[in-house]
Amino acid sequence: MSTAHRSGSSVPLLGVEEEFLVVDAERGEVTPQAATVVDRARPALGDRVGGEITELQIETRTDPCHAVADLHAQLVGARRALQAAAGRDGLRVVATASPVLGPAVPPPITQGPRQDRGNATYRGLHDDLAICAVHVHVEQPDRDRAVLVGNHLRPHLPVLLALTANSPFWRERDTGYASWRSLTWQRWPVAGPPPFLTSARQYDAHIDLLLDAGAMVDSGTIFWDLRLSARHPTLEVRVADMPITAAESAGFAALVRALAMVAATAVERGDEGPRTDPELMRLAYWRAARDGMGGHGVEVGTGRLLPAGVLAARLVELARPALEETGDGPRVQRWLAGLASGGDGAARQRAAAATRGRLTDVVAALVTATAPDVPDGQDSTLA
């Protein structure tokens with residue numbers, strides 16, 4: 001989202017990045033042919049499609065949108081374009097945060113000087129980089145405001161993770177976790193929730209500290225689950241697993257924007273945000289990764305264990321004033337109702353595996369659900 005897209009509206013512009021894995025159509029295994037699919041999809045998507053850190057992954061990007069309906073339409077169109085491009089070479093794309101099938105070898109990293117510096121810096125951590133997320137960008141009027149809004153969003157990150165949990169399988173086995181991606185990602189020295197900060201100047205000083213310590217390749221490799229975008233006038237929320245359907249990504253984006261709008265109102269009152277206990281945050285992240293929406297989560301402010309559905313409902317209630325302003329309340333409620341009836345992404349992947357005990361069935365179901373052949377706004381769910 002370039003500076004030219006600043007809206008000046010009370011409802012911020014919104015953008016989404018989705019990451020996908022490329023799989024072989026017959027075997028269902030991840031395959032390092034992302035560049036082939038990107039080249040095939042570029043005539044349809046232009047600069048809205050690109051590669052990622054490994055040769056297994058593809059990223060698509062929306063244009064900035066005010067209306068979530070427009071955002072959703074772009075997500076659906078991009079997914080269909082990717083699937084059509086992949087099919088021309090016997091490939092498919094799947095929306096999952098971790099591979100279901102594939103060899104237990106390090107994923108091939110894309111080539112370039114920056115990647116070489118990353119390999120030298122992170123070494124064996126790159127062996128587990130075959131993970132995918134959805135990133136939501138919410139327009140902010142200035143960087144100081146963005147930092148303070150981020151402080152208010154920090155305690156919500158574990159619940160947002162639970163709502164999107166979609167990575168139960170890793171190296172052809174069930175990990176027992178709903179979001180294995182998030183546990184894999186936590187090992188990076190520049191990942192997880194950001195520290196409590198009170199200004200853009202303090203934010204930049206912390207980035208400089210990490211750079212001086214050799215923990216980052218450059219300023220773009222700050223992988224916090226909540227960060228100021230290096231290229232756009234936005235606050236970027238990066239905590240979520242990649243959702244199975246475009247409708248889920250759109251519902252998640254709508255909720256994130258509403259929470260950011262509520263936070264902005266608090267900032268205007270002079271509230272810098274809560275100072276959460278780091279140990280409780282760590283505990284809440286772990287429990288969200290383990291249980292997703294199928295169990296319990298930790299209330300960050302108190303440490304109490306509560307049903308994940310209760311924590312999610314509280315989050316939506318907090319966002320309600322902004323959801324009413326944007327008109328996105330019904331969309332978010334439909335998304336949550338789907339999670340309540342069908343389970344989170346991890347639960348649906350496991351259900352697909354349980355039918356015949358075959359992980360190939362999971363991949364087949366993911367292929368169908370990633371870009372279903374149904375009208376816009378009627379994404380199928382993974383059954």
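The model shown is predicted, which means the values in this text are computed figures rather than measured ones.

## Quick word on the overall build of the protein chain
So, step 1. Counting secondary structure elements, the protein chain contains 13 helices and 13 strands.
So, step 2. On C-alpha atoms alone, the protein chain measures out to a radius of gyration of 19 Å, which is about the 21 Å that the 2.2 N^0.38 rule sets for 383 residues.
So, step 3. The dimensions of the protein chain, computed from C-alpha atoms along their principal axes, are 55 × 45 × 40 Å.
So, step 4. Burial statistics for the protein chain: of 383 residues in total, 58% are counted as buried.
So, step 5. Taking all contacts inside the protein chain whose residues are at least 6 apart in sequence as the whole, residues at least 24 apart take part in 75%.
So, step 6. On the protein chain, the mean spot of the 39 positive side-chain charges and the mean spot of the 46 negative ones are 2 Å from each other.

## Focus: the environment of R350
So, step 1. With respect to the helices, strands and loops of the structure, R350 is situated in helix α12 (residues 345–356).
So, step 2. In the structure, R350 is positioned 172 residues away from A178 in sequence and 9.7 Å away in space, judged by C-alpha atoms.
So, step 3. Other than its neighbours up to four places away in sequence, R350 contacts P168, F169, D174, G176, Y177 and A178.

## What about the environment of A284?
So, step 1. With respect to the secondary-structure elements, A284 resides in helix α9 (residues 278–291).
So, step 2. On a C-alpha basis, the gap between A284 and H296 in space is 9.8 Å, while along the polypeptide they are twelve residues apart.
So, step 3. When neighbours within four sequence positions are excluded, A284 is seen to be in contact with P158, V298 and V300.

## Thoughts on the layout of surface pockets
So, step 1. Of the voids in this model, the largest pocket is the one considered here, and its volume is about 900 Å³.
So, step 2. Lining of the largest pocket is provided by 34 residues; of these, E52, R114, G220, F223 and R227 occupy positions nearest its centre.
So, step 3. Residues of the lining of the largest pocket, tallied by class, amount to eleven nonpolar, twelve polar and eleven charged.

## A closer look at empty space enclosed by the protein
So, step 1. Summed over the entire model, instances satisfying the criterion amount to five cavities of 30 Å³ or more.
So, step 2. Considering the residues around the largest cavity, the lining is formed by 13 residues, among which V147, G150, P194, Y203 and L226 are closest to the centre.
So, step 3. Sorting the residues of the lining of the largest cavity by element identifies α4 (143–153) and β10 (226–228) as the ones contributing at least two each.
So, step 4. Of all the elements, α4 adds the most residues to the lining of the largest cavity, at four residues.
So, step 5. By residue class, the composition of the lining of the largest cavity is nine nonpolar, two polar and two charged.
So, step 6. By volume, the second largest cavity is sized at about 70 Å³.
So, step 7. Considering the residues around the second largest cavity, the lining is formed by P158, V159, A162, A284, A288, M293, G297, V298, A308 and L311.
So, step 8. A breakdown of the residues in the lining of the second largest cavity according to their chemical character gives nine nonpolar, one polar and no charged.

## Side note on the pairing of strand β11 (residues 234–241)
So, step 1. The element β11 is extensively covered by neighbouring structure, given that eight of its eight residues are classed as buried.
So, step 2. Where strand β5 (residues 133–139) lies against β11, six bridges are found, and the strand directions are antiparallel. Within β11, the residue paired with V134 across the bridge is A240.
So, step 3. Here β10 folds back onto β11, and the loop between the two strands holds five residues.

## Considering the packing of α4 against helix α8 (residues 246–268)
Helix packing geometry: the angle between the two helix axes and the distance between the axes.
So, step 1. Across the interface, α4 lies against α8 with an axial gap of 9 Å and an inter-helix angle of 115°. Judged on the interaxial angle alone, α8 and α4 are roughly perpendicular. For the pair α4 and α8, the crossing hand works out as right-handed. Residues R145, L148, V149, H152 and L153 of α4 touch α8, and the partners they reach there are L259, A260, A263, A264, A266, V267 and E268.
So, step 2. Of the residues assigned to the contact of α4 with α8, the class counts are nine nonpolar, one polar and two charged.

## Comments concerning the pattern of salt bridges
So, step 1. Applying the stated criterion to the full structure yields 24 salt bridges.
So, step 2. Taking the shortest distance from any N to any O, the salt bridge between R187 and D128 comes out at 2.6 Å. With R187 in the loop between α6 (180–185) and β8 (191–192) and D128 in the loop between α3 (113–122) and β5, this pair connects stretches of sequence that are 59 residues apart.
So, step 3. Looking at R187, the relative accessible area reads 47%, which means it is partly exposed.
So, step 4. Note on D128: relative accessible area 12%, which makes it buried.

## Things to note about the packing of aromatic side chains
So, step 1. All chains considered together, the criterion is met by seven aromatic pairs.
So, step 2. Aromatic side chains W185 and W188 sit 4.9 Å apart centroid to centroid with 40° between the ring planes, which places their arrangement in the tilted category. Considered together, W185 and W188 belong to a single accessibility category, that of buried residues.
So, step 3. Taken together, Y122, W185, W188 and F223 form an aromatic cluster joined through their ring pairs.

## As for the nonpolar core
So, step 1. V37, I58, L82, L160, L163 and L255 are the most contacted members of the largest nonpolar core, which has 120 residues in total.
So, step 2. Among the elements that make up this core, the one with the highest residue count is α8 (14 residues).
So, step 3. With residues near it in sequence (within four places) discarded, I58 still touches E18, E19, F20, V22, A34, V37, V38, V49, G50, L82 and V93.

Here is what the cut-offs are and how they apply
- Residues numbered from 1 in each chain as written.
- Predicted model: local features only at pLDDT ≥ 70, side-chain atom pairs only at ≥ 80, totals over all residues.
- Heavy atoms only, no water.
- Helix = DSSP H or I, 4+ residues; strand = E, 2+ residues; numbered from the N terminus.
- Rg over C-alpha atoms; globule rule 2.2 N^0.38 Å.
- Buried < 20%, exposed > 50% of the residue type's maximum accessible area, 1.4 Å probe, protein only.
- Contact = heavy atoms within 4.5 Å.
- Lys, Arg positive; Asp, Glu negative; His and termini not counted.
- Charge placed at Lys NZ, Arg CZ, Asp CG, Glu CD.
- 1 Å grid on protein atoms, 1.4 Å probe; cavity = no way out; pocket = protein on both sides within 12 Å on 5 of 7 lines; lining within 4 Å.
- Points joined across faces, edges and corners; volume = space filled by probe spheres on them.
- Nonpolar A, V, L, I, M, F, W, Y, C, P; charged D, E, K, R; others polar.
- Pairing = 2+ DSSP bridges.
- Axes fitted to C-alpha atoms, helices over the stretch in contact; angles between N-to-C directions.
- Parallel < 35°, antiparallel > 145°, perpendicular 65-115°, else oblique.
- Left-handed = near helix turned anticlockwise from the far one by under 90°.
- Salt bridge = Lys/Arg side-chain N within 4 Å of Asp/Glu carboxyl O.
- Phe/Tyr/Trp six-rings, centres within 6.5 Å; stacked < 30°, edge-to-face > 60°.
- Core = buried A, V, L, I, M, F, W, Y, C linked by side-chain atoms within 4.5 Å.

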